[in-house]
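Chain residues, written in single-letter form:
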Amino acid sequence: MKKIYETVADMVFPGMIFTGLMVVFVGVALFGNLGKRMKAEKEDFSHMADSLAMDVVCNRKEPVIQCIGEKVWRIDETVVVSEVFLAKDEEGTCLKIKVLDIKDQDGNNAMDCYDKEKHQAVFSQRGIYTFSLEAMDRERKIGKKHISIVVDNR
């Protein structure tokens, strides 16, 4: 009896594996051909309101930051950010400017001269100070700029 089971097992298991592989290959061939024959309608989403709104936001220009005040300041003179720098969005609306960093001419951090609450800076040493500025419009488009000012007693 043991011999019969071994003989059947030697014939049945490879047969089952062979049959399974054939089913997979035939299925792949049939479904591949069926998929090629099916033609699905393509929908054009470019004229839908969401797509148009997304195009407007993506094609929007980033805010422009510029220096409108003096570029030369005296030592211990108060530099008010909103009076020196101006940011405008694409429509010309004035935006709030955020000071990200201030560096001196040697690349050292000079943020200790800046008062975040009052949005003003007072420099006690002469030199060139570079402001890293950022402005964000109502569509959350961000504009960044680095602008240098000179602090001197001349």
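All figures in this text were calculated on a predicted structure; none of them were measured in a lab.

Conventions used here
- Residues numbered from 1 in each chain as written.
- Predicted model: local features only at pLDDT ≥ 70, side-chain atom pairs only at ≥ 80, totals over all residues.
- Heavy atoms only, no water.
- Pairing = 2+ DSSP bridges.
- Helix = DSSP H or I, 4+ residues; strand = E, 2+ residues; numbered from the N terminus.
- Core = buried A, V, L, I, M, F, W, Y, C linked by side-chain atoms within 4.5 Å.
- Buried < 20%, exposed > 50% of the residue type's maximum accessible area, 1.4 Å probe, protein only.
- Contact = heavy atoms within 4.5 Å.
- Patch = residues over 30% accessible without salt bridge, like charges linked within 9 Å, V, L, I, M, F, W, Y side chains within 5 Å.
- Areas by Shrake-Rupley, 256 points an atom, 1.4 Å probe, with all protein chains shown as cover.
- Salt bridge = Lys/Arg side-chain N within 4 Å of Asp/Glu carboxyl O.
- Polar contact = N/O pair within 3.5 Å; in protein donor to acceptor, adjacent residues only side chain to side chain.

Novice: Account for the sheet that holds strand E3 (residues 78–80), naming residues and giving values.
Specialist: Strand order in the open sheet formed by three strands is E3-E8-E7, and the pairing between neighbours is antiparallel. Each having just a single partner strand, E3 and strand E7 (114–115) make up the two edges of the open sheet. Pairing between E3 and strand E8 (residues 120–122): three bridges, direction antiparallel. Bridge pairing in E8 places Thr78 opposite Val122.

Novice: Can you tell me about the nonpolar core, naming the residues and giving the values?
Specialist: Residues Phe85, Val99, Ile102, Phe123, Phe131, Leu133 and Ile149 are the most contacted members of the largest nonpolar core, which totals 23 residues. Elements that contribute at least two residues to this core include exactly helix H3 (81–84), strand E4 (85–88), strand E6 (97–103), strand E9 (127–136) and strand E10 (142–151). It is E9 that contributes the most residues to this core, four residues altogether. When near neighbours in sequence (up to four residues on either side) are disregarded, Ile102 contacts Asn108, Asn109, Ala110, Met111, Tyr114, Phe123, Tyr129, Thr130 and Phe131.

Novice: Quick one: what's the story with a nonpolar patch on the surface, residue by residue and with numbers?
Specialist: Together, Ile17, Phe18, Leu21, Met22, Val24, Phe25, Val26, Val28 and Leu30 make up a nonpolar patch on the protein surface, roughly 910 Å² of accessible area in all. Residue placement: Phe25 occurs in helix H1 (residues 2–37).

Novice: Summarise unusual backbone geometry; cite the residues concerned and give the values.
Specialist: The backbone of His119 sits at a positive phi, close to 55°, despite the residue not being glycine. If you trace the backbone, His119 turns up in the loop between E7 and E8. Located in the positive-phi region is Arg140, a residue other than glycine, with phi close to 65°. The residue Arg140 is located in the loop between E9 and E10 in this model.

Novice: Outline the environment of His146, listing residues and values.
Specialist: Here His146 shows up in strand E10. Looking at His146, the relative accessible area reads 60%, which means it is exposed. Taking the C-alpha atoms as reference, His146 lies 21 Å from Thr93; in sequence the two are 53 residues apart. Here the side chain of His146 touches Ser132 through a polar contact of 2.9 Å, side chain to side chain.

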